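Okay, here's what each chain looks like letter by letter:
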Amino acid sequence: MVVPSRIPPRAVLVLSLFLALLIYFYGSIAGNSTSLSLPGMLRRKTFMHRRDPPVLGCPAEEASADTWLTLQKVRPKACFLLLARDKDLAELKPTLANVEETFNAKFRYPYVFLNEEPYSQEFEQGVRDALPKGAEVEFGVIPKDHWSIPSWLDKDSVRAGFKKMGEEGIQYADRESYHHMCRYYTGLFALHPLLQKYDFYWRLEPGVRFYCELQYDPFLYMAQHKKVYGWVITIHESFNTIPTLFETILGWRDMVEKANSGFAKFGSPMKLANYRKKGELWDFLINNPDNVLRGRRNAKEEYNLCHFWTNFEIGDLRFFRGREYQSLFQYLDKSGGFYTERWGDAPIRSLAVGLIAGFDKVHYFEDIAYKHDWFLHKPEPKGVGCKCNPEPYAEWVRDVDNNGWYSCLPKWRELDTM
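Residues numbered from 1 in each chain as written. Predicted model: local features only at pLDDT ≥ 70, side-chain atom pairs only at ≥ 80, totals over all residues. Heavy atoms only, no water.

A look at the pattern of salt bridges
Okay, step 1: Overall, the coordinates contain 22 salt bridges when judged by the stated rule.
Okay, step 2: Across the pair glutamate 176 and arginine 159 runs a salt bridge, and its minimum N-O distance is 2.8 Å. With glutamate 176 in helix α8 (residues 176-188) and arginine 159 in helix α7 (residues 155-167), this residue pair connects regions lying 17 residues apart in the sequence.
Okay, step 3: By relative accessible area, glutamate 176 is classed as partly exposed at 23%.
Okay, step 4: The partner of arginine 203 in a salt bridge is glutamate 205, with the nearest N and O atoms 2.9 Å apart. (Salt bridge = Lys/Arg side-chain N within 4 Å of Asp/Glu carboxyl O. Helix = DSSP H or I, 4+ residues; strand = E, 2+ residues; numbered from the N terminus. Buried < 20%, exposed > 50% of the residue type's maximum accessible area, 1.4 Å probe, protein only.)

Next comes the structure, spelled out in structure tokens:
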């Protein structure tokens, strides 16, 4: 019998070091953490195929544990933004406590509350009592013309339409305030005077809950990676709320592209993303993109109804105040669809980001465990999320990411791994 010769210990050591350096080098190319720890190297390999990789683990726990130290750092001009009414206070208090516990107790970003009428003293005091002493809070009133049926529409006809849409079962369509909210959050919010000193906002809603700690600053992440939009949940829109929205947006795009061709010698063209390029964000939003955008010339673009759910979003206000986005909003506003139909801010936001910003400007905050109503997102891949403790799924707590009826996440995964 032939006995295999023993490998010298020095050779084993050299080989091990070579493999470790190879893993580290390959992981660095993938754009993930540069930690030399073995868990870090093994964890990195899981995500090296992602174009928009998640933040892993608790990347800055020691640095962010000291609030004083955190506040000394140069950081983005950012705030939490909430549309809320006096009656929302009871539902709002647990949300504020939860946001402070999981993130803002360390980072101390200010809060901006907006309402269509002045807040009561009871509401303002209740909010201050729910936040740490010294928390920066501002309360503002939405301009009346930003929260009313526009002057170019007939109010009686519009309100009759609300009633008819409600009878047809179109969700929230019989609520006038809901139409105002969708219009406001689509484009007018970014123009509010209280937001002019900020570059980024994090939208909160009364009743939402977060289940992971954030030991890093997502505003800073957005700024450093030049992102303009961040999201957590992506689902399908109901077509009966937006029957003419997509064709109206395509009308704006056609107008811009024709105008841009005329600006070849004069003026300044509007900037659009390279939406026809394979792997761009527009591919996530339309059916059969290879065939429609890069195949038959006469193929019709069709919106697949996927959108980023805007009750959680982190956005760059400079983008939403920008020329291109505001041009699109004004075009849509003049068309009347916020009131003659029930256009939501979420599909508009998603389509606008797809046309104007593109894939590289968008980030999936996969590491943020988040619940709104009965939809819950949990970070599933090992190593994603910091100290997460989400509630279990139940009849009224749905796993939105793995629900084939609602979720667009599989389509995002496909785009993200191209």
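Comments concerning the sheet that holds strand β11 (residues 370-372)
Okay, step 1: If you walk across this open sheet you meet the 4 strands as β5-β11-β12-β13, and the pairing is mixed. Bordering the open sheet on either side are β5 (209-210) and β13 (398-399), each of which pairs with just one other strand. (Pairing = 2+ DSSP bridges.)

Quick word on the sheet that holds strand β6 (residues 229-231)
Pairing between the strands of a sheet is mediated by backbone hydrogen bonds and can be parallel or antiparallel.
Okay, step 1: Spatially, the 7 strands line up as an open sheet ordered β3-β2-β1-β4-β9-β6-β10, and their pairing is mixed. Each of the sheet's edge strands pairs with one partner strand only, and the pair in question is β3 (137-141) and β10 (362-364). Across the sheet, the mean angle separating the axes of adjacent strands is 20° when strand polarity is ignored.
Okay, step 2: Pairing analysis gives 5 bridges linking strand β2 (residues 111-115) to β3, with the strands arranged parallel. Within β3, the residue paired with leucine 114 across the bridge is glycine 140. (Axes fitted to C-alpha atoms, helices over the stretch in contact; angles between N-to-C directions.)

Notes on the state of the cysteines
Okay, step 1: All told, the structure shown has 3 disulfides when counted by the stated rule.
Okay, step 2: The side chain of cysteine 212 participates in a disulfide bridge whose partner is cysteine 388; the two sulfur atoms lie 1.9 Å from each other. Across the disulfide from cysteine 212 to cysteine 388, rotation about the S-S bond amounts to roughly 110°, and the bridge is consequently right-handed. Of the two residues, cysteine 212 is situated in the loop between β5 and α9 (218-224) and cysteine 388 in the loop between β12 (375-377) and β13; the sequence distance between them amounts to 176 residues.
Okay, step 3: Its relative accessible area of 6% is what places cysteine 212 among the buried residues.
Okay, step 4: The class of cysteine 388 is partly exposed, set by a relative accessible area of 32%.
Okay, step 5: Between cysteine 306 and cysteine 408 runs a disulfide, and the two sulfur atoms are separated by 2.2 Å. Torsion about the S-S bond of the cysteine 306 and cysteine 408 cystine: about -95°, corresponding to left-handed handedness. Of the two residues, cysteine 306 sits in strand β8 (residues 306-308) while cysteine 408 sits in the loop between β13 and α17 (409-416), which places them 102 residues apart along the sequence.
Okay, step 6: Across the protein chain, the disulfide pattern expressed with sequentially numbered bonded cysteines is 1-4, 2-5, 3-6. (Disulfide = S-S within 2.5 Å.)

A short note on the packing of helix α14 (residues 323-335) against helix α16 (residues 345-356)
Okay, step 1: Direction vectors running N to C along α14 and α16 enclose 135°, while the axes themselves pass 11 Å from each other. As summarised for this structure, α14 and α16 are arranged oblique, according to the angle between their axes. Handedness of the crossing formed by α14 with α16: right-handed. For the pair α14 and α16, contact is made by Glu324, Tyr325, Leu328 and Leu332 and by Ile348, Arg349, Ala352 and Ile356, respectively.
Okay, step 2: Looking at side-chain class alone, the contact of α14 with α16 contains 6 nonpolar, no polar and 2 charged residues. (Parallel < 35°, antiparallel > 145°, perpendicular 65-115°, else oblique. Left-handed = near helix turned anticlockwise from the far one by under 90°. Contact = heavy atoms within 4.5 Å. Nonpolar A, V, L, I, M, F, W, Y, C, P; charged D, E, K, R; others polar.)

Observations concerning the pairing of strand β9 (residues 313-316)
Okay, step 1: Of the two faces of β9, the one holding Glu313 and Gly315 and the one holding Ile314 and Asp316 are both buried throughout.
Okay, step 2: Relative to β9, strand β4 (residues 200-204) runs antiparallel, the two being bridged by 4 bridges. Counterpart to tyrosine 201 in the pairing with β9 is glycine 315.
Okay, step 3: As paired elements, β6 and β9 share 2 bridges and run antiparallel to each other. Looking across to β9, one finds that tyrosine 229 is bridged to glycine 315.

Some remarks on α14
Three- or four-residue spacings in an α-helix give side chains the same orientation, since the helix completes a turn every 3.6 residues.
Okay, step 1: Compared with the 18 Å implied by 1.5 Å per residue over 13 residues, the 18 Å span of α14 between its first and last C-alpha is a close match.
Okay, step 2: Buried within α14 we find Glu324, Tyr325, Gln326, Ser327, Leu328, Phe329, Leu332 and Asp333.
Okay, step 3: Looking at the buried side of α14, the elements it contacts are α8, α10 (245-262), α13 (317-320), α15 (337-340) and α16.
Okay, step 4: Downstream of α14 by a residue or two, glycine 336 has a phi angle that is positive, lying close to 90°. (Expected span 1.5 Å × (residues − 1).)

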